[in-house]
Structures are given as C-alpha cells and as structure tokens.
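One letter stands for each residue in the lines below.
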Amino acid sequence: MIIFNKPGALNNFLETNRSDKNKIGFVPTMGALHPGHISLIEAARKENDVIISSIFVNPTQFNDPEDFKKYPVTLEKDILLLETARCDVLFIPSVRDIYPAGINNLSHYDLGYLETVLEGKYRPGHFQGVCQVVHRLLEIVLPSNLYLGQKDYQQCKVIQRLIALIGFDEKIRVNISPTLREHDGLAMSSRNTRLDKEQRKIANAIFKTLLFIKSNLHTMEIGQLKTAASSSLIEKGFKVDYVEMADANTLQLVDTWDGRQKIIALAAAFLGPVRLIDNMVLNP
Ligand code: AMP
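Residues numbered from 1 in each chain as written. Predicted model: local features only at pLDDT ≥ 70, side-chain atom pairs only at ≥ 80, totals over all residues. Heavy atoms only, no water.

### A word on the overall build of the chain
What the chain contains, in helices and strands, is eleven helices and nine strands. Its C-alpha atoms give the chain a radius of gyration of 19 Å, near enough to 19 Å, the size a compact globule of 284 residues would have. Judged by the C-alpha coordinates and their principal axes, the chain covers about 60 × 40 × 40 Å. Considering only contacts in the chain between residues 6 or more positions apart, those separated by 24 or more positions represent 72%. By element, 53% of the accessible surface of the chain is carried by carbon and sulfur atoms, the whole surface being about 13500 Å². (Helix = DSSP H or I, 4+ residues; strand = E, 2+ residues; numbered from the N terminus. Rg over C-alpha atoms; globule rule 2.2 N^0.38 Å. Contact = heavy atoms within 4.5 Å. Areas by Shrake-Rupley, 256 points an atom, 1.4 Å probe, with all protein chains shown as cover.)

### Re helix α2 (residues 35-47)
In this model α2 runs 19 Å from its N-terminal to its C-terminal C-alpha over 13 residues, within 8% of the 18 Å that 1.5 Å per residue would give. The set of residues buried in α2 consists of G36, H37, I38, S39, L40, I41, A43 and A44. (Expected span 1.5 Å × (residues − 1). Buried < 20%, exposed > 50% of the residue type's maximum accessible area, 1.4 Å probe, protein only.)

### Digging into the pairing of strand β2 (residues 24-29)
Put simply, side chains in a regular strand alternate between the two faces of the sheet. Along β2, five of the six residues are buried, which leaves the element largely enclosed by surrounding structure. In this sheet, strand β3 (residues 50-55) lies alongside β2 in parallel orientation, the contact comprising six bridges. Bridge pairing in β3 links F26 to I52. Crossover handedness for the path β2 to α2 to β3: right-handed. Here β2 pairs with strand β5 (residues 145-149) via two bridges, running parallel. Across the sheet, the residue bridging to G25 is N145, located in β5. (Pairing = 2+ DSSP bridges. Right-handed = clockwise from strand over helix to strand, strands pointing away.)

### A closer look at the sheet that holds strand β8 (residues 263-271)
Pairing within the open sheet is antiparallel, and its three strands lie in the order β7-β8-β9. Of all the strands in the sheet, the pair left with one neighbour each is β7 (239-247) and β9 (274-281). Pairs of neighbouring strands in the sheet enclose a mean axial angle of 10°, with direction left out of account. Examined bridge by bridge, β7 and β8 share eight bridges and lie antiparallel to one another. The partner of M245 across the bridge, within β8, is A265. Across the face of the sheet, helix α11 (residues 222-235) comes into contact with β7 and β8 while running at roughly 155° to β7. (Axes fitted to C-alpha atoms, helices over the stretch in contact; angles between N-to-C directions.)

### Regarding the packing of aromatic side chains
Evaluated as defined, the whole model comprises five aromatic pairs. Feature note: the residues F62, F68 and Y71 constitute an aromatic cluster, connected by ring pairs. (Phe/Tyr/Trp six-rings, centres within 6.5 Å; stacked < 30°, edge-to-face > 60°.)

### Here we look at the side chain of S190
Assignment of secondary structure puts S190 in the loop between β6 (173-177) and α9 (197-202). A polar contact is formed between the side chain of S190 and the backbone oxygen of G31, at a distance of 3.3 Å. Residues within four places of S190 in sequence aside, it is in contact with G31, A32, H34, H37, Y71 and P72. (Polar contact = N/O pair within 3.5 Å; in protein donor to acceptor, adjacent residues only side chain to side chain.)

### A look at the site of the ligand
With respect to spatial proximity, 16 residues lie near the ligand, and among them M30, H37, D152, L180 and M188 are the closest. Take D152: an N or O atom from its side chain is 2.6 Å from an oxygen atom of the ligand. M188 is positioned with one of its backbone polar atoms (N or O) 2.9 Å from a nitrogen atom of the ligand. Protein chains bury 92% of the 480 Å² of accessible surface belonging to the ligand in isolation. Every element with two or more residues in the shell around the ligand is listed here: β2, α2 and β5. The greatest single-element share of the shell around the ligand, amounting to three residues, is contributed by α2. (Near = heavy atom within 4 Å.)

Geometric descriptors of this kind do not, in isolation, establish any biological role.
Next up, the structure:
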C-alpha cells in the first residue's frame, strides 16, 4: 500500500492510473477502522482496479468540540488493517492540505430539507462540514466509484445531493454497503471504543429498539411505536435525541403508513458522553 500525505503527489499518481483507464474506488474514513470500514474496501475491490482510502478527522463536521478532541486515533492499526484488506493507496492529509485557505469562509451547500431533520437538526453545521471535506476529497481523488455505509444513512443522502450539486453525478457512482454489526447487534462504530463496560453491555438496545419497530409495524400506530421505542431507551439510561420514521428515499418524516411506502426507522441517543446512531429499513 502506498501512503500519500500531499494532494499533489496523490493526484499525480492517480493521473497515471486514470490514463490507463483503470477504475478507481474510493473509501473515505475518519480512521479508527473496524470491520465495517473494511467491508467497504472489500466491496470496492470487487469493482475497481485501484482502491484508495483516506483517513482524515475533519474538524469542520464536529459540532461538539469535545467529540472532536476525543475522536479515537489508531493509525498504526488502521494501516495494518488496510494492508491486510489489500487497499492500494492510503491518503492521510493534514488540515492544511484539505483546507489551504483555512477553515473559515468555506463553501456553503444548499442541502434543503435534508439539513433540517434528524442529524441535521441535532448536529447543526455537521452536514456542511461533511460536504466541505467530501467535495475537496472528490476533487483530489476523482474516483469512478465512491463507497459509503448505510450506518450513516442521512449522510449517504447528503453526499448524493452534494455530488449532484457539484455536477459529478455523471462521473461518480455512489455505492452503499449494509451496516456491519457486532454479535449482539450493535452497529460497529469508531465511537464504540469510548463506551465503558456497563455502557457497552446495553448499547445494543438501539438495535433491539429498531427491531421492535420493524416487527410491530403492522400492528401499532407510528406514534405509538416511536413513544414505546424512546421510552424503552430512556428506561435503560439513554438520553434520546430522536427515534423517527421517515420515507426511505426523501427522509420526509412520516406519522402514518399506507403499508406500501418504503420507510426507515432512525435513532440517535447518548450513552454517557457517547452519541450512537443507527437505522433500519422497515420494509423491502
Ligand atoms: P467514518 O470513519 O465513521 O466517517 O466512516 C467512514 C465510512 O464507513 C462511512 O461511509 C460510514 O458510513 C462507513 N461505516 C461506518 N460504520 C460502518 C458499519 N458499521 N458498517 C458499514 N459501514 C460503516
């Protein structure tokens, strides 16, 4: 695996590959890698000639400075994992490399409704930060395929919108991989390492709550399902930001279901200082 720190050097390397008509698959990450990230590399390996991943903890997408400070960093282990997964290229830029003109006065993206609900509502500015870094990374890497995880469902929608906004939708195909889970159902996440033993034991309650919603969808009203789900999380010690149900394509929140519309349940809740998110599509 070749490691690049500088956008210019990476771009030169990729230019050679582009002129050889190779397909470039890109997996952007913030590091602290786990099998969920590696599943994206594996998906990319099946469809591309060159696999590139990036590790960059993007300061502009953290609405909570404590979360940024405490974001886990495990670079040596990450490099080993990526090498084992046969990733070809790793890009590890600095903040200066990504934002040469500083982090003030960066572009603003018109994300419309998507930025006003769920994560957008509870993490103001977060998706602007996501767009700023992804836009810059896409300009540097210019991949044929981009790999994202369903774990961050709303982020997938935001990035699809970004790609359309910046006119890359003809050039870049977005591929969304299913959420990888621990044996007890907890969605794998870099932030899980910050849970203490007791918190870790109950952290899978979010997954169980989503399962509860899915299995009672035909017998209970949406409002009742949301209330029951939130209450059970609160009872276990979570501080709930939201448990919502939404149209799986538009993310418009729903309070009734006609039995046909494709819908998704999404939840975000704190266990101590650690904020966990998860989602589950409720019908095929
Ligand atoms: P992050 O490093 O958390 O920014 O995540 C980098 C990419 O990995 C994003 O596209 C995430 O959605 C994806 N990802 C994170 N956790 C998982 C998981 N448990 N399963 C599949 N993909 C994941």
